[in-house]
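Structural description and commentary
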Amino acid sequence: MKFFVDTAEIDAIAELNDTGMVDGVTTNPSLILKSGRDILEVTKEICDLVDGPVSAEVVATDADDMIAEGRKLATIADNIAVKLPLTWDGLKACKVLSGEGNMVNVTLCFSGNQALLAAKAGATFISPFIGRLDDMSIDGLDLIEDIRTIYDNYGFETQILAASIRSVNHVQDCAKIGADVMTAPPDVIKKLAGHPLTDKGLEQFLKDAAKADIKIV
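Residues numbered from 1 in each chain as written. Predicted model: local features only at pLDDT ≥ 70, side-chain atom pairs only at ≥ 80, totals over all residues. Heavy atoms only, no water.

Here the focus is the packing of helix H6 (residues 112–120) against helix H8 (residues 140–154). Helix-helix packing is characterised by the crossing angle of the two axes and by the distance between the axes. Close contact between H6 and H8 brings their axes to 9 Å; oriented N to C, the two are set at 40°. Between H6 and H8, the interaxial angle falls into the category oblique. Read as a crossing pair, H6 and H8 show a hand that is right-handed. Listed contacts from H8 to Gly112, Ala115, Leu116 and Ala119 of H6 are Leu143, Ile147, Ile150 and Tyr151. (Axes fitted to C-alpha atoms, helices over the stretch in contact; angles between N-to-C directions. Helix = DSSP H or I, 4+ residues; strand = E, 2+ residues; numbered from the N terminus. Parallel < 35°, antiparallel > 145°, perpendicular 65-115°, else oblique. Left-handed = near helix turned anticlockwise from the far one by under 90°. Contact = heavy atoms within 4.5 Å.)

Put into structure tokens, the structure is as follows:
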């Protein structure tokens, strides 16, 4: 499973990228606002830093303006994935932009039917939002399973990009189901390495090493 980091903070991306844990980046207007940077400037910097796809979201709501904005964003770098909302206009824009050879990430997906439409429109990625469904007492992981089944049934090449991930359990469950990609905030990705038994074992090893006066260098 590919790991995308969901942030526009350059330092956080760089730290994770140095470990080889970043296969791409997802951003949205809220994350850009939080970074306090100009959208074109910060997106270009992220694209220079990361080799994989970098999702940059349009802010228009009608198809023609989405297409115009998507074309503008695509000029930033070759690894831009234009991010479009899963609306009827978004699907129209997806068809045009993907037909022109651009990567397209269709976002705010909350049903298998929506995911089916996005695949038929040529989306490179579909972004189902797990956490937001969980907030409504609906199991977001069921949606990942539904999309996996639908795409496998018909051989769609659209990649499932599990989004709105809130916990390390979300990551593991998405990997078990077979999501192609997951995107999560930097702190969630870092927490994947943690386990209390690892901490306890390391503590004991260090105590024993000190007693034995072990020195490597």
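Continuing now.
In terms of burial, strand S4 (residues 80–85) is a largely internal element, six of the six residues being buried. Where strand S3 (residues 54–57) lies against S4, four bridges are found, and the strand directions are parallel. Bridge pairing links Val54 to Ile80 in S4. In terms of strand pairing, S4 meets strand S5 (residues 103–109) through five bridges, oriented parallel. Paired with Leu84 across the strands is Val106, a residue of S5. (Buried < 20%, exposed > 50% of the residue type's maximum accessible area, 1.4 Å probe, protein only. Pairing = 2+ DSSP bridges.)

Bringing the sheet that holds strand S2 (residues 24–26) into the picture now. Strand order in the closed barrel made by the eight strands is S1-S2-S3-S4-S5-S6-S7-S8, with parallel pairing throughout. Adjacent strand axes in the sheet meet at a mean angle of 30° when their direction is disregarded. In terms of strand pairing, strand S7 (residues 159–162) meets strand S8 (residues 181–184) through two bridges, oriented parallel. Across the sheet, residue Ala162 finds its bridge partner in S8, namely Met182. Taken strand by strand, H6 contacts S5 and strand S6 (125–128), and its axis lies near 165° from that of S5.

Another point: unusual backbone geometry. At Leu108, a position not held by glycine, the phi torsion is positive, near 60°. Considering the arrangement of structural elements, one finds Leu108 in strand S5. One non-glycine residue, Ser137, adopts positive backbone phi at about 65°. Relative to the assigned elements, Ser137 resides in the loop between helix H7 (130–135) and H8. When its relative accessible area of 73% is taken as the criterion, Ser137 is described as exposed.

All buried positions along H6 are accounted for by Gly112, Ala115, Ala118 and Ala119. Projected down its long axis, H6 carries its buried residues within an arc of 120°, all on one side. Exposed residues pointing more than 90 degrees away from the buried face of H6 are listed as Asn113 and Lys120. In this structure, the buried residues of H6 make contact with helix H5 (88–99), S5, S6 and H8. Gly122 lies just past H6 and shows a positive phi near 95°. (Arc of directions from axis to C-beta.)

As paired strands, strand S1 (residues 2–6) and S8 are joined by four bridges and run parallel to one another. Bridge pairing links Lys2 to Val181 in S8. Handedness of the crossover is the feature at issue here: the chain leaves S1, passes through helix H1 (residues 10–18), returns alongside S2, and the resulting connection is right-handed. (Right-handed = clockwise from strand over helix to strand, strands pointing away.)

In this section: the environment of Val106. With respect to the helices and strands, the residue Val106 is situated in strand S5. Take Val106: its relative accessible area is 0%, and that puts it in the buried class. A sequence separation of 31 residues divides Val106 from Ser137, and the C-alpha atoms of the two residues are 24 Å apart. The contacts of Val106, once residues within four sequence positions are left out, are Leu84, Pro85, Leu86, Cys94, Ala118, Ala123, Phe125, Ile126 and Ser127.

As a further point, take a nonpolar patch on the surface. A cluster of nonpolar side chains, namely Leu202, Phe205 and Leu206, defines an oily patch on the protein surface of about 350 Å² accessible area. Checked against the element boundaries, Phe205 lands in helix H11 (residues 196–211). For Phe205, a relative accessible area of 60% gives the class exposed. (Patch = residues over 30% accessible without salt bridge, like charges linked within 9 Å, V, L, I, M, F, W, Y side chains within 5 Å. Areas by Shrake-Rupley, 256 points an atom, 1.4 Å probe, with all protein chains shown as cover. Salt bridge = Lys/Arg side-chain N within 4 Å of Asp/Glu carboxyl O.)

Now for the packing of aromatic side chains. The final tally for this structure, using the stated rule, is four aromatic pairs. Residues Phe4 and Phe125 carry aromatic rings whose centres are separated by 5.7 Å and whose planes lie at 75° to one another, so their mutual orientation is edge-to-face. Separated by 121 residues along the polypeptide, Phe4 in strand S1 and Phe125 in strand S6 bring together distant segments of the chain. Taking the relative accessible area as the measure of exposure, Phe4 reaches 1% and is therefore buried. Residue Phe125 is classed as buried on the basis of its relative accessible area, which comes to 3%. Ring geometry for Tyr154 versus Phe156: centroids 6.3 Å apart, planes at 55°, classification tilted. Residue Tyr154 is classed as exposed on the basis of its relative accessible area, which comes to 62%. Through pairs of rings, three or more aromatic residues link up here, namely Tyr151, Tyr154 and Phe156. (Phe/Tyr/Trp six-rings, centres within 6.5 Å; stacked < 30°, edge-to-face > 60°.)

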